[in-house]
Each structure stands twice: as structure tokens, then as C-alpha cells.
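# Report on the structure
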Amino acid sequence: MPSLSFLLAYLVFGAIAGVIAGLLGVGGGIVVVPALYWFFTAQGFSQELIMQMALGTSLAAICFTSVSSFRAHHRRGAVLWPIVKSITPGILVGTFAGSCLAARLPTGFLKGFFVCFLYYVSIQMLLNIKPKPTRQIPGRGGMFGAGAAIGAVSSLVGIGGGTLSVPFMTWCNIPIHAAVGTSAAIGFPIAVAGALGYIVNGFGADHLPPMSLGYISLPALVGIAAVSILTAPYGAKLAHKLPVGTLKRVFALFLLAMATRMLWSLF
């Protein structure tokens, strides 16, 4: 059982992650994973499985937060359910396969891959890079391939896939508000398949900390998910009152600093 100070840290960070997700439209996983990595390191978790625990717990939390997110977008008519239906088979296969692969990869590789992804997201946000809409949504085979790729990468970095699925749909001529809403719905099958993969592959692993379900820390899951669900709507409300463009650039600099710190710890 983690100490009271860590339980409180999960609650506080869950509140912050929820506000950031609602305010800036980024998945909570992009900040939850590095935070969990540092929390788990401070608690003395085995270095051999610390990234798997952070990734699995992040995806498990997204199972809960994504529901409230896509329901809010659905009420505004911003979820294109035919796209969700066509991309979900590839999402499920790619995400589960990616989590199975992650369970067998060393922490150093997963950490390096996550650092590279943080640099990609932060530079994309800082420079406001958006793909030009140059094509249409592909057929069944193309959607399966796109879903498998988005799901696989998402499972390796513990996110709901918004930083990948939104640019993909924008590239395919989907209006941005519909792309964001549809991405929120796509995040649910990503989270479910990924969390299931980390649970299945974590059963019987050596050196698991107490109160773990496979590679998922139950205290961290409860603390982060329960509070972020409550605070995300407040972040969404603040988005209409604050200069989101400026805040995104500041947040991008924060992500760059976080990525650099994680990169430094690799050496």
C-alpha cells in the first residue's frame, strides 16, 4: 500500500491532468505517464517494469476519462460514428499487439520511445503544425491499417491516440471539431484494448508492487481517474475564457523540458 503522501499526490495530479486535458484538448496520458514514472521511481518500483506500470496505468485511467469526453462531444454532434466503427477493428488489434510487445521490451527502450514522442507532440504544438487536407477517408483495408498503426503507437506511449488520430482525420478532410470529437470516441477502444493487454501480459510478472492488476497500479488508477473525470469539464469551460493558443505554447515548452529531463536520465 503506498503511503498517504503518494495517495494524495495521485489525487492532486489527477485533478491537474483533468484540467489540462479539458483546457488544451490533449490526452491526459501525455502528462500522466511521466508523472507516474517519477511517482513509481520514488516508491522504489522495480526498474525492470516501471515503464510498463506507467503505460498500463495511464491507459486504464483513460478507459474512464474517455467516456465522459466522448459523451460530451456526442451531445454536440461532433462524433462521426461511421469512422469510429470502421477504424475500431484495427485499433483493437494494433493496441493489444502493441501492449504485448511493450511487455517484452526493456524499460530503457520504452522510455526512449516515449521521449521521442514527447518531442514530436511538443514541437507539433509549439509550431502549430497541421496536415493539409489532401485526401478522403480510405476504405476498409486502409482504415484497418491506420487504426492498427495508431493503436500500436498509442499502447507504446500510454495515450488515447488523439495526437495521432486527429492529424490523420484532418489529413482526410474531416473538419477539426469533428476530428477532435471522433478522436475522443476512438480513445475508448484504444484504452480498453491497451489496458487489457497490460493486465494479461503482467500476470505473474516478477517484482510487481502490491495492489497491482498485471501492469496496472490500482491505487494510482483510482486516484488519478476518479479526480480527473471531475476536473476535465472545468478545463473545457476555461478553454472558452483563456488564451488557449498561448497556453498551448507554454505547455509545449513544459513538455520539451519534461522530455529533456527524461532523456537525461537515460544516460
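Note that residues are indexed from 1 along each chain, following the sequence as it is written. In keeping with the predicted nature of the model, local features appear solely for residues at pLDDT of at least 70, side-chain atom pairs appear and are counted solely at 80 or more, and the whole-chain, interface and lining totals rest on all residues. Think of the side-chain values as coming from all heavy atoms in the structure, minus any hydrogens and water.

Before going further, it helps to examine the overall build of the protein chain. Labels follow the DSSP assignment, with helices taken as runs of H or I lasting at least four residues and strands as runs of E lasting at least two, numbered in each case from the N terminus. Helices and strands together make up the secondary structure of the protein chain, namely 10 helices and two strands. When the helices and strands of the protein chain are placed in sequence order, the string is α-α-α-α-α-α-α-α-β-β-α-α. Taken over the C-alpha trace, the protein chain has a radius of gyration of 17 Å; the compact-globule value for 267 residues is 18 Å, and the two agree within 12%. Summarising its shape, the C-alpha atoms of the protein chain cover approximately 50 × 40 × 35 Å along the three principal directions. Out of the 267 residues in the protein chain, the part that is buried amounts to 51%. Partitioning the intrachain contacts of the protein chain with sequence separation of at least 6 by distance along the chain shows that 81% fall at a separation of at least 24. Summed over its atoms, the accessible surface of the protein chain is roughly 12,200 Å², and 72% of this surface lies on carbon and sulfur atoms. Radius of gyration here is computed from C-alpha atoms only, and the compact-globule reference equals 2.2 Å multiplied by the residue count raised to the power 0.38. In this scheme, a residue with accessible area under 20% of its type's maximum is buried, one over 50% is exposed, and one in between is partly exposed, where area comes from a 1.4 Å probe on protein chains only. Two residues form a contact once any of their heavy atoms are found within 4.5 Å. All accessibility values rest on the Shrake-Rupley procedure with a 1.4 Å probe; residue burial counts only the protein chains present in the view.

The packing of two helices is summarised by the inter-axis angle and the distance between the axes. Running from N to C, helix H3 (residues 50–75) and helix H5 (residues 107–127) point in directions that differ by 50°, and their axes come no closer than 8 Å. Classified by the angle between their axes, H3 and H5 sit oblique to one another. Between H3 and H5, the residues in contact are Ile-50, Met-51, Gln-52 and Leu-55 and Thr-107, Leu-110, Lys-111 and Phe-114, respectively. Per-class residue counts for the contact of H3 with H5 are five nonpolar, two polar and one charged. Angular values range over 0 to 180 degrees, each being the angle between N-to-C directions of two axes fitted as lines to C-alpha atoms, with helices fitted over their stretch in contact. Just so you know how the angles are binned, under 35 degrees is roughly parallel, over 145 roughly antiparallel, 65 to 115 roughly perpendicular, and the rest oblique. Ten residues, namely Ala, Val, Leu, Ile, Met, Phe, Trp, Tyr, Cys and Pro, are considered nonpolar, four, namely Asp, Glu, Lys and Arg, are considered charged, and the remaining ones, Gly among them, are considered polar.

By convention a nonpolar core is built from buried Ala, Val, Leu, Ile, Met, Phe, Trp, Tyr and Cys residues, the set being connected through side-chain atoms within 4.5 Å. Counting residues in hydrophobic clusters, the biggest one holds 76 residues, and the most contacted among them are Leu-36 and Phe-40. Ranked by the residues each element gives to this core, the list is headed by H3, at 11 residues. Those residues within four positions of Leu-36 in sequence are excluded, and the remaining contacts are Tyr-10, Ala-54, Thr-57, Ser-58, Ala-220 and Ile-224.

Bringing the packing of aromatic side chains into the picture now. Pairing of aromatic rings covers Phe, Tyr and Trp, the last counted by its six-membered ring, and requires centre-to-centre distances within 6.5 Å; plane angles under 30 degrees mean stacked, over 60 mean edge-to-face, and any other angle means tilted. Going through the model one piece at a time under the given rule, you end up with nine aromatic pairs. Ring centres of Tyr-10 and Phe-39 lie 5.7 Å apart, and the angle between their planes is 75°; this geometry places the pair in the edge-to-face category. Taken together, the positions of Tyr-10 in helix H1 (residues 4–24) and Phe-39 in helix H2 (residues 29–42) put the pair 29 residues apart, joining distant regions of the chain. Of the two residues, Tyr-10 and Phe-39, neither departs from the other in class, the shared state being buried. On the numbers, 5.9 Å between centres and 85° between planes, the contact of Phe-70 with Trp-81 is edge-to-face.

As a further point, take helix H6 (residues 140–157). The span expected for a helix works out to 1.5 Å for each residue beyond the first. Look at H6: 26 Å from first C-alpha to last across 18 residues, which is about the 26 Å you get at 1.5 Å a residue. Burial in H6 covers these residues: Met-143, Ala-146, Gly-147, Ala-148, Ile-150, Gly-151, Ser-154, Ser-155, Leu-156 and Val-157. In this structure, the buried side of H6 is in contact with H2, H3, helix H4 (81–102), H5, helix H7 (162–171) and helix H8 (176–202). Remark: Gly-158 follows H6 within two positions and exhibits a positive phi of approximately 70°.

Taken together, the side chains of Phe-203, Met-211, Leu-213 and Leu-218 define a hydrophobic patch exposed on the protein surface, amounting to about 360 Å² of accessible area. Take Met-211: it is sitting in the loop between H8 and strand S1 (212–213). Each patch is assembled from residues with relative accessible area greater than 30% and no salt bridge, linking like charges that lie within 9 Å and nonpolar side chains (Val, Leu, Ile, Met, Phe, Trp, Tyr) that lie within 5 Å. Criterion for a salt bridge: a side-chain nitrogen of Lys or Arg within 4 Å of a carboxyl oxygen of Asp or Glu.

Turning our attention to unusual backbone geometry. In this structure, His-207 is a non-glycine residue whose phi angle is positive, near 65°. Note on placement: His-207 falls in the loop between H8 and S1. In this structure His-207 comes out as exposed when scored by relative accessible area, which is 54%. Unusually for a residue other than glycine, Met-211 sits at a positive phi of about 60°. A relative accessible area of 42% means that Met-211 is categorised as partly exposed.

All right, on to H4 then. The terminal C-alpha atoms of H4 lie 30 Å apart, and with 22 residues this matches the ideal 32 Å at 1.5 Å per residue to within 8%. Bend at a given residue is defined as the angle between two axes, one fitted to the seven residues that end at that position and one fitted to the seven that begin there. Where H4 bends most, at Ile-87, the angle is about 40°, and the proline Pro-89 comes one to four residues later. Those residues of H4 not exposed but buried are Ile-83, Val-84, Ile-87, Thr-88, Gly-90, Ile-91, Gly-94, Thr-95, Gly-98, Ser-99, Cys-100 and Ala-102. Here the buried face of H4 lies against H3, H5, H6, H7 and H8.

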